[in-house]
Amino acid sequence: MFARYKKTGSTTPVKAHAVPPLPDKTLVADEAPRPSAAARMVKTVQPKVSARVEMSDKERLRRRKLDQVKSELHKRLLENLNLAALETASEADLRAEISSITAEALGELNVVLNTEERATLNQDLYFEVMGLGPLEPLLKDDSVNDILINGPHRIFVERAGKLTLSDVTFRDEKHLMRIIDKIVSAVGRRVDESTPYVDARLSDGSRFNAMVPPIAVDGSLVSIRKFKKEKLNVSDLVRYGAFSEEMAMYLEAAVATRLNVIVSGGTGSGKTTTLNALSSFIDNSERILTIEDTAELQLQQEHVGRMESRPPNVEGKGAVTQRDCLRNALRMRPDRIIVGETRGEEVIDMLQAMNTGHDGSMTTIHANSARDAVSRLENMIAMSGIEMPLKAMRAQIGSAVNLIVQANRLQDGSRRMTSITEVTGMEGEVITLQEVFRFERTGIEPDGTILGHFTGTGLRSHYADRFKRWGYDLPASIYNEVRE
Ligand SMILES: Nc1ncnc2c1ncn2[C@@H]1O[C@H](COP(=O)(O)OP(=O)(O)O)[C@@H](O)[C@H]1O
Ligand SMILES: [Mg+2]
């Protein structure tokens, strides 16, 4: 049965391999360890970060030994497994095949491992051959939101808004590069000195970006935003303290009555999550088209058409931009258009769509406040090469955008909607804004937890009459209430 996955033809079978010289004496299990030399060696590659769990010399030595055996065995596996047959093999068969090849090789290498070490080795090798090596356990860990790699020995993870250094490492830069290559070549892209950075998507939907040396100075930089299958809904967000019940009521009215909404915030502040949750207030009868660079949104409505832009291929051809999608979307009779994130030239079509009957359109934008979001929009228009006087530009923005919802990741890792601001029009050349809800900070606990509450600003919504006309008669008190 194993033969199915072994390469046939010219490749030499495992047994015929000459036993290669061991790269390091410490590999041999029964030889006395040399902790001082090994510790010195390890020290040069270990990052000097206090958060790292201190390992004993013995543990370091054991890890290093396993690493070296792993590297040798991985090479052998690649030589001896029929990679084409792997595609169709069952996981159980593969694992059995890997452990048979490893057992054979360990015998030849004269390395003795205990049961646990052997199980770890087989597991790691399985991940190397079939998956993304050291990244697999992090990708499988649902509590991890982001994986951030700064060179082969420093892998940070984000859990519940907090970044920590993990104890996962790559062997060296070559190892890291091999995994990067595996990811990008699977989507027909390439990363090397001439194209040193790349965007890709993992098969589970996670977003991946890598930048390699020499642009990345201390080894490849990788960021992975994990794909969350379970999106947070409005009641989850209220429960987690992202916004108050009053704000939820207000947002329901805003979305249902088709205000054009921009969710503004920094990276990882919860923009996409918020947009996704807000979309639940859209009526089932509406035709919604979504446009994203990476399809993340999961709208629950019946009538949703999803588009995903495409970067150029290796020859620099075949790109389909968000702007291309948006322009075509306008010919597809949408009731609403949702653009995952407006970053560039598509801004002009987005504003036009908002101004020409596709009320209730929504997007996110990278900005730090409502006012900043407005200037970002202006900048994007200016950058798109469209000649437009500032006043006209602002008039366009002022009439297109009705509401700016500010998402924020606070220092304690919590994600909160720190402001809901209405765009009320123009005064002279200035776009006028009116904040209706905000998060007010009151202090900070010794453990860093930020204290505060949501509050209405006391100003009645500019859209109150519209809400009422549409049957959302919000009590005036919601604009005053303070929520602890
Ligand atoms: N209010 C919240 N509470 C807890 N986790 C949240 C909250 N909002 C977002 N998240 C999580 O934070 C991560 C980043 O959110 P995302 O919406 O993708 O951010 P952005 O689009 O701003 O980059 C996701 O894993 C998401 O599930
Ligand atoms: Mg996002």
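What counts, and where the lines are drawn
Residues numbered from 1 in each chain as written. Chains lettered and ligands numbered in written order. Predicted model: local features only at pLDDT ≥ 70, side-chain atom pairs only at ≥ 80, totals over all residues. Heavy atoms only, no water. Near = heavy atom within 4 Å. Polar contact = N/O pair within 3.5 Å; in protein donor to acceptor, adjacent residues only side chain to side chain. Areas by Shrake-Rupley, 256 points an atom, 1.4 Å probe, with all protein chains shown as cover. Helix = DSSP H or I, 4+ residues; strand = E, 2+ residues; numbered from the N terminus. Nonpolar A, V, L, I, M, F, W, Y, C, P; charged D, E, K, R; others polar. Salt bridge = Lys/Arg side-chain N within 4 Å of Asp/Glu carboxyl O. Buried < 20%, exposed > 50% of the residue type's maximum accessible area, 1.4 Å probe, protein only. Axes fitted to C-alpha atoms, helices over the stretch in contact; angles between N-to-C directions. Parallel < 35°, antiparallel > 145°, perpendicular 65-115°, else oblique. Left-handed = near helix turned anticlockwise from the far one by under 90°. Contact = heavy atoms within 4.5 Å. Pairing = 2+ DSSP bridges. Expected span 1.5 Å × (residues − 1). Arc of directions from axis to C-beta.

Observations regarding the site of ligand 1
The full set close to ligand 1 counts 16 residues, and Gly 268, Lys 271, Thr 272, Thr 273 and Arg 415 are the nearest of them. Here an oxygen atom of ligand 1 sits 2.5 Å away from a polar atom, N or O, in the side chain of Thr 273. Here ligand 1 has 560 Å² of accessible area as a free molecule, and 86% of this is covered by the chains. Ranked by the residues each element gives to the shell around ligand 1, the list is headed by helix α10 (residues 271-278), at three residues. Taken together, the residues of the shell around ligand 1 break down into four nonpolar, eight polar and four charged.

What to know about the pattern of salt bridges
This model, assessed by the stated rule, comprises 26 salt bridges. One salt bridge connects Arg 438 with Glu 440, and the closest N-O pair in it is separated by 3.0 Å. You can call Arg 438 partly exposed: its relative accessible area is 30%. Judged by relative accessible area, Glu 440 falls into the partly exposed class, the value being 31%. Connected through shared salt-bridge partners, Glu 72, Lys 75, Arg 76 and Glu 108 make up one network.

Topic: the packing of helix α2 (residues 57-80) against helix α4 (residues 91-109)
For the pair α2 and α4, interaxial distance at closest approach is 10 Å and the crossing angle is 125 degrees. Considering their axes alone, α2 and α4 lie oblique with respect to each other. Our pair here, α2 against α4, has a crossing hand that is right-handed. Note on element contacts: α4 touches α2 through Ile 98, Ile 101, Thr 102, Ala 105, Leu 106, Glu 108 and Leu 109, opposite Val 69, Glu 72, Leu 73, Arg 76, Leu 77 and Asn 80. Partitioned by chemical class, the residues of the contact of α2 with α4 number eight nonpolar, two polar and three charged.

Regarding the sheet that holds strand β4 (residues 197-201)
Pairing within the open sheet is antiparallel, and its six strands lie in the order β3-β2-β1-β6-β5-β4. Each end of this open sheet is capped by a strand with a single partner; those strands are β3 (162-165) and β4. Between one strand axis and the next, the sheet turns by 15 degrees as a mean value, whatever way the strands run. By the bridge criterion, four bridges tie strand β2 (residues 155-159) to β3 in an arrangement that is antiparallel. From the neighbouring strand, Glu 158 faces β3, where its bridge partner is Leu 163. Here helix α7 (residues 173-186) sits on the sheet in contact with β1 (144-150), β4, β5 (207-211) and β6 (221-225), set at roughly 130 degrees to β5.

Regarding the pairing of β2
The side chains of a regular strand alternate, first on one face of the sheet and then on the other. Most of β2 is tucked away, with four of its five residues classed as buried. One ladder, built from five bridges, connects β1 with β2; its direction is antiparallel. Residue pairing in the sheet places Ile 147 in a bridge with Val 157 of β2. The hairpin formed by β1 and β2 contains four residues between the paired strands, and Gly 151 there has a positive phi angle of roughly 75 degrees.

Some points on helix α13 (residues 370-383)
Helix length check: α13 (14 residues) gives 20 Å between terminal C-alpha atoms against 20 Å at 1.5 Å per residue, within 8%. For α13, the full list of buried residues reads Ala 370, Ala 373, Val 374, Leu 377, Glu 378, Met 380 and Ile 381. An end-on view of α13 places all buried positions within 160 degrees of arc, on one side of the element. Taken from the residues just after α13, Gly 385 is the one with a positive phi, measuring 85 degrees.

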